[in-house]
Amino acid sequence: ENRLAKNIILNVENRNTFGKKNRSLRRNGITPVHVYGLKFDSLSLQANEKDLISVLKSAGRTTPVSIKTKDGEETITIVREIDRHAVSGNIQHVDFLRVDINEEVESPVPVILINQDKAPGTAGGAGVVTQGTFEITVKAKPFDMPNELEVDCSVLTDLETSILSGDIVLGEGVSLSSSSDDRIAWIQPPRVIVETTVSEEEASEEGDESAEDSTVSDEQQASSSDDS
């Protein structure tokens with residue numbers, strides 16, 4: 001019961017409109033939502049748009065959301081898909097996947113770099129911290145799933161050092177599902193701009209060659225005019 005109290009609650013109502021009729025819902029600040037999974041019947045529901053946006057912001061793709069109907073029934077879910085309008089970006093529809101709190105699920109989790117300014121490898125302008133992978137997929141029970149994973153860049157001592165996904169501390173009950181060899185962060189040396197200087201002699205030779213080409217062209221043009 002204490003673990004269930006940790007999750008985020010979204011109050012919903014049953015939905016009786018489908019297809020194009022959902023536009024009228026959206027105009028009134030109501031967003032269609034859909035709940036499916038665990039071999040139970042799918043539920044067509046609707047939620048207050050502002051409440052839904054708040055829940056999505058808090059839950060991300062990893063924190064469990066309790067879908068609560070007016071009769072008090074609760075379903076534990078995670079956000080599976082958010083459908084947005086191609087132009088406005090407004091949320092059109094959200095799919096929630098039912099989860100068993102005792103069964104592990106897979107989910108992509110954002111990777112956040114910290115202490116970038118404390119990486120010894122950047123000292124004296126030797127380079128900057130570069131991030132190559134921005135999320136990794138992990139497996140955990142719904143209430144053990146982390147919202148994000150922090151990566152400490154202070155271990156980047158030189159240009160040869162890098163942090164791999166397998167180096168990230170995941171926490172108890174969390175295991176890595178994606179590759180352990182993905183490069184998360186490293187020190188990128190500063191870019192060196194190489195300027196190519198053309199000598200006067202080379203420029204002169206290029207000029208002579210283009211002049212010859214021009215002469216040949218003129219001769220060919222004269223020849224073709226004689227032929228005509």
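As the structure is a computational prediction, the values presented were derived from the model and not from experiment.

Peer 1: Any chance you could explain helix α2 (residues 49-59) here in plain terms?
Peer 2: Because an α-helix packs 3.6 residues into every turn, residues spaced three or four apart end up facing the same way. Here α2 has its buried residues at L52, V55, L56 and A59. For α2, the arc enclosing every buried residue in end-on projection is 100°, short of the 170-degree limit, so these residues lie on one face. Opposite the packed face of α2, turned more than 90 degrees from it, sit the exposed residues K50 and K57. Where α2 begins, the side chain of N48 points an oxygen toward the backbone nitrogen of K50, at a separation of 3.0 Å. Phi turns positive, to about 60°, at G60, one or two residues after α2.

Peer 1: Looking at this structure, I do not really get the nonpolar core. What am I missing?
Peer 2: Soluble, globular proteins show a tendency: their nonpolar side chains are buried together. Counting 26 residues, the largest nonpolar core has V129, I136, V138, L156, I168 and I184 as its most contacted members. The dominant element in this core, judged by the number of residues it contributes, is strand β8 (residues 105-114), at 4 residues. Once you skip the residues sitting within four places of it in the chain, L156 turns out to touch A119, P120, G121, V129, T161, S162, I163, A185, W186 and I187. Of all hydrophobic cores here, the second largest spans 17 residues; its members include L45, L56, V79 and V94.

Peer 1: What exactly am I supposed to notice about the environment of E104 here?
Peer 2: Checked against the element boundaries, E104 lands in the loop between β7 (91-98) and β8. Spatially, the C-alpha atom of E104 lies 6.1 Å from that of K139, the residues being 35 residues apart in sequence. In this view, E104 contacts K139, A140, K141 and G173; residues no more than four positions away in its chain are not counted.

Peer 1: Help me understand the sheet that holds strand β14 (residues 183-188) in this model?
Peer 2: Sheet strands associate in pairs through backbone hydrogen bonding, adopting either a parallel or an antiparallel arrangement. Spatial strand order, β9-β14-β12: 3 strands in an open sheet with antiparallel pairing. Where the open sheet ends on each side, the last strands, each with one partner, are β9 (128-131) and β12 (162-164). The average angle at which neighbouring strand axes cross in this sheet is 15°, direction not considered. Sheet analysis places β12 next to β14, joined by 3 bridges and oriented antiparallel. Bridge pairing in β14 links I163 to A185.

Parameters at a glance
Residues numbered from 1 in each chain as written. Predicted model: local features only at pLDDT ≥ 70, side-chain atom pairs only at ≥ 80, totals over all residues. Heavy atoms only, no water. Buried < 20%, exposed > 50% of the residue type's maximum accessible area, 1.4 Å probe, protein only. Helix = DSSP H or I, 4+ residues; strand = E, 2+ residues; numbered from the N terminus. Arc of directions from axis to C-beta. Polar contact = N/O pair within 3.5 Å; in protein donor to acceptor, adjacent residues only side chain to side chain. Core = buried A, V, L, I, M, F, W, Y, C linked by side-chain atoms within 4.5 Å. Contact = heavy atoms within 4.5 Å. Pairing = 2+ DSSP bridges. Axes fitted to C-alpha atoms, helices over the stretch in contact; angles between N-to-C directions.

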